[in-house]
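Structural description and commentary
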Amino acid sequence: MKPELQLSLQFADARHREQLPRHKVARYIRAALELPGEITVRIVDAEEGQALNREFRGKDYATNVLTFDYAHEPVVAADLVICADVVEREAAEMGMPLLDHYAHLLVHGTLHAQGYDHEEDDEAECMEARETEIMLGLGFADPYLNPRRV
C-alpha cells in the first residue's frame, strides 16, 4: 500500500496542464514516497524558475526542478517547483515524451524531499538506482539510459 499523500497542484504556467492531470502527478509522487507526504507541486515559467533558483541556490538560470523540503518525517513536507520551459526543452533534446520527463522529475524531486541527494558519487549512484527502480515500476524507461542528467 502506498503512503498517504496530500497534494496541492498549481499551474503558474498552464501549457502542460493536460499532460499533468492530478491523478497522474499523485501516482508518480506516491511511487517515490516512503512515508506519508504533504507535497505542493508548482509548474512555473522560465522567469519564475530562474528567480527562485537565483534566490535560493544562487544560480541565475531556470532549472528543471527545485525541491524545497521542510520535513522528512514523520510526514514528508515539501514544495516541488518544475519549470515547464526547461522540461519541454530537455524532453525535446532527449527525444523523449514530455510526460516521461515530467514523471522522472516528480520522482526525482520527491526523492530529494526525503533526503536523497546526488552531490557525491555514492549518493548519486544510490539515488539514480532508486529513480530507475521507481520509473520502471511505473512503466517508464530507465531515465539514465539517456546520457543527459537531471
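Residues numbered from 1 in each chain as written. Predicted model: local features only at pLDDT ≥ 70, side-chain atom pairs only at ≥ 80, totals over all residues. Heavy atoms only, no water.

**A word on the side chain of Asn-53**
For Asn-53, the location among the structural elements is in helix α2 (residues 46-57). Under the relative-accessibility criterion, Asn-53 is labelled buried at 0%. Of the polar contacts made by the side chain of Asn-53, one reaches the backbone oxygen of Tyr-61; its length is 2.8 Å. (Helix = DSSP H or I, 4+ residues; strand = E, 2+ residues; numbered from the N terminus. Buried < 20%, exposed > 50% of the residue type's maximum accessible area, 1.4 Å probe, protein only. Polar contact = N/O pair within 3.5 Å; in protein donor to acceptor, adjacent residues only side chain to side chain.)

**Re the nonpolar core**
Residues Val-25, Ile-29, Val-41, Ile-43, Ile-82, Tyr-102 and Leu-106 are the most contacted members of the largest nonpolar core, which totals 38 residues. Only β1 (5-11), α1 (22-32), β2 (37-44), β4 (76-83), α3 (84-94), α4 (98-113) and α5 (121-137) provide two or more residues apiece to this core. Considering each element in turn, this core owes the most residues, nine residues, to α4. Those residues in contact with Val-41 that sit more than four places away from it in its chain are Leu-7, Ser-8, Leu-9, Gln-10, Val-25, Ile-29, Leu-80, Ile-82 and Leu-106. Counting residues in each nonpolar core, the second largest holds eight residues, with Val-44, Leu-52, Val-81 and Cys-83 among its members. (Core = buried A, V, L, I, M, F, W, Y, C linked by side-chain atoms within 4.5 Å. Contact = heavy atoms within 4.5 Å.)

**What about the packing of α1 against α4?**
For any two helices packed against each other, the geometry comes down to the angle between their axes and how far apart the axes lie. Interhelical geometry of α1 versus α4 gives an angle of 40° and a closest axis separation of 8 Å. Between α1 and α4, the angle falls in the class oblique. Crossing hand, α1 versus α4: right-handed. Along its contact with α1, which presents Lys-24, Val-25, Tyr-28, Ile-29 and Ala-32, the element α4 presents Leu-99, Ala-103, Leu-106, Val-107, Thr-110 and Leu-111. A breakdown of the residues in the contact of α1 with α4 according to their chemical character gives nine nonpolar, one polar and one charged. (Axes fitted to C-alpha atoms, helices over the stretch in contact; angles between N-to-C directions. Parallel < 35°, antiparallel > 145°, perpendicular 65-115°, else oblique. Left-handed = near helix turned anticlockwise from the far one by under 90°. Nonpolar A, V, L, I, M, F, W, Y, C, P; charged D, E, K, R; others polar.)

**Some words on the packing of α4 against α5**
Relative orientation of the contacting elements α4 and α5 amounts to 130°, with a least axis distance of 10 Å. Relative to α5, α4 is oriented oblique. As for the relative orientation of α4 and α5, their crossing is right-handed in sense. When α4 is examined against α5, the residues Asp-100, Ala-103, His-104, Val-107, His-108, Leu-111 and His-112 are found in contact with a partner set consisting of Met-127, Arg-130, Glu-131, Ile-134 and Met-135. Tallied by class, the residues present in the contact of α4 with α5 amount to six nonpolar, three polar and three charged.

**Some thoughts on the pattern of salt bridges**
Applying the stated criterion across every chain, the model contains eight salt bridges. Note that Asp-13 and Arg-15 form a salt bridge whose closest N and O atoms lie 3.0 Å from each other. Bridged by salt links that share partners, the residues Asp-13, Arg-15, Asp-85 and Glu-88 form one connected network. (Salt bridge = Lys/Arg side-chain N within 4 Å of Asp/Glu carboxyl O.)

**Quick word on the sheet that holds β2**
Spatially, β1-β2-β4-β3 is the arrangement adopted by the four strands of the open sheet, whose pairing is mixed. Sheet topology places β1 and β3 (65-71) at the edges, where each strand pairs with a single neighbour. Between one strand and the next, the sheet's axes are offset by a mean angle of 10°, whatever the strand orientation. Inspection of the sheet shows β2 paired to β4 by eight bridges, in the parallel sense. When the sheet's bridge partners are listed, Ile-43 is paired in β4 with Ile-82. Across the face of the sheet, α2 comes into contact with β2, β3 and β4 while running at roughly 50° to β3. (Pairing = 2+ DSSP bridges.)

Structural measurements only, silent on function.
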